[in-house]
Amino acid sequence: MPRFWVHTFGCQMNVHDSERMESVLQSQGFVAAESVEAADLVVFNTCSVRERAEQKLRSEVGKLKPLKRERPELVICVAGCVAQQEGERLLQQIPHVDLVVGPDNIPELPGLVLDQMAGSPPVARATFDVAAPRFLAVAPAPGQAPASAYVTTMKGCDERCSFCVVPYTRGPERYRPHEEIVGEIAALVAAGTREVVLLGQTVDSFRDPGLPPPESDDPDESQFPHLLRAIAARVPALARLRYTSPHPRHATASLARAHAELDVLARHVHMPVQSGSDRVLRRMIRRYTRAEYIERVRRLQAARAGLTLSTDIIVGFPGETRAEADETLSLVREVGFVSLFGFKYSPRPHTPALKLADDVPEEEKSERLARLFEVGEEMTRAHLAPLVGTRQTVLLEGASKGGDGPGGGVSHQGRTERNEIVHVELPRGVAGAGAIVTVEVTAAFRHSLAGVIDPVSLSGLPRRPAAAPRRSLPVVGSEGP
Ligand code: SAH
Ligand code: F3S
């Protein structure tokens, strides 16, 4: 049986795509290898959203050159966004790569690998499935469903923000029929999943002719709130529902109504803002102003008391002045984001912003990013500190890396409904993953909390082998606080 090793770079979509690759490979008789050295197939699932991620991929693939020289039968595959962006060129640029497979070509992966193993010449397959979009579901093995699972609802992006390569690497928007989404969620929940995270580049632009029409004729209105309602109604056993990432443009009044109506929706939304300056937002082609963003956030918060927000921000966009960077800092404070991801602008191929000079010096970008992180951390601290002494409902996701807790038990990681990470310790032999427990928060750290599980919750936990943790694959290259 051929053995595979998947190396993941980048965002949640890639983490989820890697799960789907594992799943299609396993369905064709491949098995997971214990190490890169023991693998017959190595897949690099790549990210090209910033230049650094792309460079990292090239250096990681480079490291496999000696192994390939030693074992020429080893199949090396580059998948994901760099594969889509570069296509055939990658085969010339990195001669020890055998296969290039775009995000929409995952279903073909096992066949292409077997062809390579039978001696076919190197091949690149990177075509969008625009005419007949395919959405692969990951089928959980019985008892192996993760506590929290990603479910794809759409792929691609039609926004074309001027800095972003995603519309070119992931193609135009295509939506998965809601019946298929509800079906996958029902199957996951039946297998033990408690929380689902809906995934899409602009997850709130969802459309499906099978759902009732949008609630108003506002052109930004979508059928996403109907999708949320359909999931809540048809999978009542689902404990928590999240989605990422919404585009502020589609965060309309009907989405706020869904938050007011549906208890299953988590009280936390990650909504990328990118900048707090109207001039920069316009040049980024974000299609909203600072005031509109704030209004949308306030509407969501008014719909659901205590709802928290996190965001993505780019510093050093072409032409961004110091004063405009300060406007972003003031927006972070004004909105009260509880956490944020910050990035230095990085020019990407095909994007409209290439026409603007990348004129903010690297040093200045670093300084703006450092100031942003300083404010971000201040906001996170101010949010987490008052939670000490409170009782929170926590979904346990699985044992933490390292495993052993200071009290002789096993360290576990979980999340509150508002996405705060909580570390707890469980006695040995008690299964935690997938359980929803009450935790008394005892400490706040920079980005997480620690707590003690309430004795009543603890006594209700089963003694059985733990469910699989969410991320079983190695993930590298993510950036954040
Ligand atoms: N819609 C996507 C966003 C994809 S990119 C989602 O669902 O998350 C993730 C983040 O990377 C963006 O929000 C943006 O902050 C950052 N980013 C994208 N292109 C970038 C670039 N050229 N330079 C720096 N940061 C970038
Ligand atoms: Fe990128 Fe903007 Fe779409 S950030 S993924 S083009 S919404």
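Since the structure is predicted, the reported quantities are computational estimates derived from the model, not experimental observations. (Residues numbered from 1 in each chain as written. Chains lettered and ligands numbered in written order. Predicted model: local features only at pLDDT ≥ 70, side-chain atom pairs only at ≥ 80, totals over all residues. Heavy atoms only, no water.)

Asks: Explain the packing of helix H8 (residues 178–190) against helix H9 (residues 224–234) to me, please; I cannot follow it from the model alone.
Replies: The axes of two packed helices give the description: the angle between them and the distance between them. Contact geometry for H8 and H9: axes closest at 10 Å, N-to-C directions at 40°. On the basis of their axis angle, the class for H8 and H9 is oblique. Both H8 and H9 take part in a crossing whose hand is right-handed. Counting all contacts with H8, which are made through His 178, Glu 179, Ile 181, Val 182 and Ile 185, the residues of H9 involved are Leu 227, Ala 230, Ile 231 and Arg 234. (Axes fitted to C-alpha atoms, helices over the stretch in contact; angles between N-to-C directions. Helix = DSSP H or I, 4+ residues; strand = E, 2+ residues; numbered from the N terminus. Parallel < 35°, antiparallel > 145°, perpendicular 65-115°, else oblique. Left-handed = near helix turned anticlockwise from the far one by under 90°. Contact = heavy atoms within 4.5 Å.)

Asks: Got a minute to help me understand the state of the cysteines in this structure?
Replies: Disulfides are covalent bonds that link the sulfur atoms of two cysteine residues. All chains considered together, the criterion is met by 0 disulfides. Between Cys 81, a free cysteine, and Cys 47, which holds the nearest cysteine sulfur, the sulfur-to-sulfur gap is 6.3 Å. (Disulfide = S-S within 2.5 Å.)

Asks: Looking at this structure, I do not really get the side chain of Ser 411. What am I missing?
Replies: By the secondary structure assignment, Ser 411 is in strand E16 (residues 410–416). Note on Ser 411: relative accessible area 17%, which makes it buried. Not counting residues up to four positions away in its chain, the partners in contact with Ser 411 are Ala 399, Ser 400, Gly 403, Asp 404, Gly 405, Val 424 and Glu 425. (Buried < 20%, exposed > 50% of the residue type's maximum accessible area, 1.4 Å probe, protein only.)

Asks: Just to check I follow, could you spell out empty space enclosed by the protein for this structure?
Replies: In this approach, a probe sized like a water molecule rolls over the atoms, and the result shows the empty space that is left. Counted by the stated rule, this structure contains 3 cavities of 30 Å³ or more. Estimates place the volume of the largest cavity at around 210 Å³. Residue lining of the largest cavity: 19 residues in total, with Asp 17, Arg 20, Thr 152, Lys 155 and Arg 170 positioned closest to the centre. Secondary-structure elements contributing two or more residues to the lining of the largest cavity are helix H1 (12–27) and strand E8 (154–155). At 4 residues, the largest contribution of residues to the lining of the largest cavity is made by H1. Looking at the lining of the largest cavity residue by residue, the class counts come to 7 nonpolar, 5 polar and 7 charged. Per-domain counts for the lining of the largest cavity show at least three residues from each of domain 1 (3–127) and domain 2 (137–385). (1 Å grid on protein atoms, 1.4 Å probe; cavity = no way out; pocket = protein on both sides within 12 Å on 5 of 7 lines; lining within 4 Å. Points joined across faces, edges and corners; volume = space filled by probe spheres on them. Nonpolar A, V, L, I, M, F, W, Y, C, P; charged D, E, K, R; others polar. Domains from an automatic or database assignment.)

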